[in-house]
Amino acid sequence: MRFRTGIRNISTFTKLAHSLERLKRRECILRLTPDAVHFIIVPDTTGTQVWAAIGVETLFDDDYHIQSNANNTINLEFNIENLTRALRSASSATEVQMRLTKRDKHPMLSFIITLPGHGGGTNVVTQDIHVRVLTLSYVASIREPICPEPDVHIILPPLGVMRQHSERFQRLSDKLILRANMSGSLQLLANSDSIRIQTAWTNLINPELDPAQVSNPAEHPSQLRPKDKFASVRIDAKEWVSLLRVSVVAKRVIACFCEGHALVLYVYVTEPEEEASAVLTYYVPIHSE
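First things first, this report covers the structure right here in the doc.

What counts as what
- Residues numbered from 1 in each chain as written.
- Predicted model: local features only at pLDDT ≥ 70, side-chain atom pairs only at ≥ 80, totals over all residues.
- Heavy atoms only, no water.
- Helix = DSSP H or I, 4+ residues; strand = E, 2+ residues; numbered from the N terminus.
- Buried < 20%, exposed > 50% of the residue type's maximum accessible area, 1.4 Å probe, protein only.
- Pairing = 2+ DSSP bridges.
- Axes fitted to C-alpha atoms, helices over the stretch in contact; angles between N-to-C directions.
- Core = buried A, V, L, I, M, F, W, Y, C linked by side-chain atoms within 4.5 Å.
- Contact = heavy atoms within 4.5 Å.
- Salt bridge = Lys/Arg side-chain N within 4 Å of Asp/Glu carboxyl O.
- Phe/Tyr/Trp six-rings, centres within 6.5 Å; stacked < 30°, edge-to-face > 60°.

Attention shifts here to unusual backbone geometry. Unusually for a residue other than glycine, Asn 72 sits at a positive phi of about 55°. By secondary structure assignment, the location of Asn 72 is in the loop between strand 5 (65-67) and strand 6 (74-79). Residue class for Asn 72 comes out partly exposed when judged on its relative accessible area of 30%. Positive phi is not limited to glycine here, since Asp 104 has a value of about 55°. As for its placement among the helices and strands, Asp 104 is situated in the loop between strand 7 (95-103) and strand 8 (106-116).

Moving on: the sheet that holds strand 13 (residues 186-191). Pairing within the open sheet is antiparallel, and its four strands lie in the order 14-13-12-15. The sheet is open, and its two edges are formed by strand 14 (196-201) and strand 15 (231-236), each paired on a single side. The average angle at which neighbouring strand axes cross in this sheet is 20°, direction not considered. Where strand 13 and strand 14 come together, six bridges link them in antiparallel fashion.

On to the pairing of strand 11 (residues 152-155). Neither face of strand 11 is exposed, since Val 152 and Ile 154 on one face and His 153 and Ile 155 on the opposite face are all buried. The pairing of strand 11 with strand 16 (residues 252-258) spans four bridges and is classified as antiparallel. Counterpart to Ile 155 in the pairing with strand 16 is Ile 254.

If you look at soluble globular proteins, the nonpolar side chains tend to sit buried side by side. Ranked by internal contacts, the top residues of the largest apolar core, which has 75 residues, are Phe 39, Phe 111, Trp 240, Phe 257 and Tyr 282. Setting aside residues up to four positions removed in sequence, Phe 111 forms contacts with Ile 7, Leu 83, Ala 86, Leu 87, Val 96, Gln 97, Met 98, Val 125, Thr 126, Gln 127 and Ile 129. Of all hydrophobic cores here, the second largest spans twelve residues; its members include Trp 51, Val 139, Ile 155 and Tyr 283.

For the rest of this paragraph, the subject is the sheet that holds strand 1 (residues 2-6). Backbone hydrogen bonds are what pair the strands of a sheet, in a parallel or an antiparallel way. What the five strands build is an open sheet, ordered 5-1-7-8-9; its pairing is antiparallel. Here the strands that pair on one side only, and so sit at the sheet edges, are strand 5 and strand 9 (122-130). Taken over all neighbouring pairs, the strand axes of this sheet differ in orientation by 20° on average, direction set aside.

Here we take up the pattern of salt bridges. Applying the stated rule across the entire model yields eight salt bridges. We note a salt bridge from Arg 8 to Asp 61, for which the minimum N-O separation is 3.9 Å. Here Arg 8 is found in the loop between strand 1 and helix 1 (10-21), whereas its partner Asp 61 is found in the loop between helix 2 (56-59) and strand 5, with 53 residues between them in sequence. Across the pair Asp 62 and Arg 8 runs a salt bridge, and its minimum N-O distance is 3.0 Å. Highlighted residues: Asp 62 in the loop between helix 2 and strand 5 and Arg 8 in the loop between strand 1 and helix 1, separated in sequence by 54 residues. Linked through salt bridges whose partners overlap, the residues forming this network are Arg 8, Asp 61 and Asp 62.

As a further point, take the packing of aromatic side chains. Applying the stated criterion across every chain yields a total of four aromatic pairs. Each ring, one from Phe 13 and one from Phe 39, has its centre 6.2 Å from the other, and the planes form 65°; the classification is edge-to-face. Here Phe 39 lies in strand 3 (residues 36-41) and Phe 13 lies in helix 1, a separation of 26 residues in the sequence. In this structure, Phe 13 and Phe 39 share a single accessibility class: buried. When the ring of Phe 13 is compared with that of Phe 60, the centres are 5.8 Å apart and the planes differ by 80°; the resulting orientation is edge-to-face. Here Phe 13 is found in helix 1, whereas its partner Phe 60 is found in the loop between helix 2 and strand 5, with 47 residues between them in sequence. The buried category is assigned to Phe 13, whose relative accessible area is 1%. A relative accessible area of 1% places Phe 60 in the buried class. Three or more aromatic residues joined by ring pairs form one cluster here, namely Phe 3, Phe 13, Phe 39, Phe 60 and Tyr 64.

Here it is in structure tokens:
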């Protein structure tokens, strides 16, 4: 198998890796295909899952080349902290090449980083990340969660603002409650033995359903419920605060409330009008009272 490419957007790649690292899951799966790059984080037990699909052109140059006997798909597993460290060292690089290599018969993801040197010269630094090449049978056993159609879908307010409130609420309770309706209202609540606090946003956008994705929009659960009826989810406060650090790359975030199942976040790294696509999907587990 072979893989090599130049990195077009080192800043976005670094921010993406940094946001994934904040989930405190050490291992990350990188699925490379001819058209897209997938980042997958699945906890051993419970916790937030991440399934990210990013167009090749969003991160990589036109020299992107991949070859394998598995339909030109390569699946790698590595420590996300090592990726963040390698990309951070390339912040001021003039050029970065990324290749799948071997060292002492061990597979490596190598970053060949060209840095400006003194007197107009250049310095070349290579950062190697140990990776594990995953078998097709192992990858087939990892499946993206299946959730019912959401009861409510809403575009979240700026994540930095939400994080400030969430950090304050976290001091009162290890669980937070998120509520939203189809009238553009969102509420964040925390309860303790002695106090109940809440902050609210109004006039948010409930995005229209895409007929290409929904066969009969008029019969969708979000369209059949009263617009002012709230859907609620109870989530882990610490994990929610860590997740909100994705604000460093998020252009917009659509939250889908699947009552009794999960909170699903679609984090768009690119603007809607941009040709290149990049979306991170977070499946946040909910907790019963």
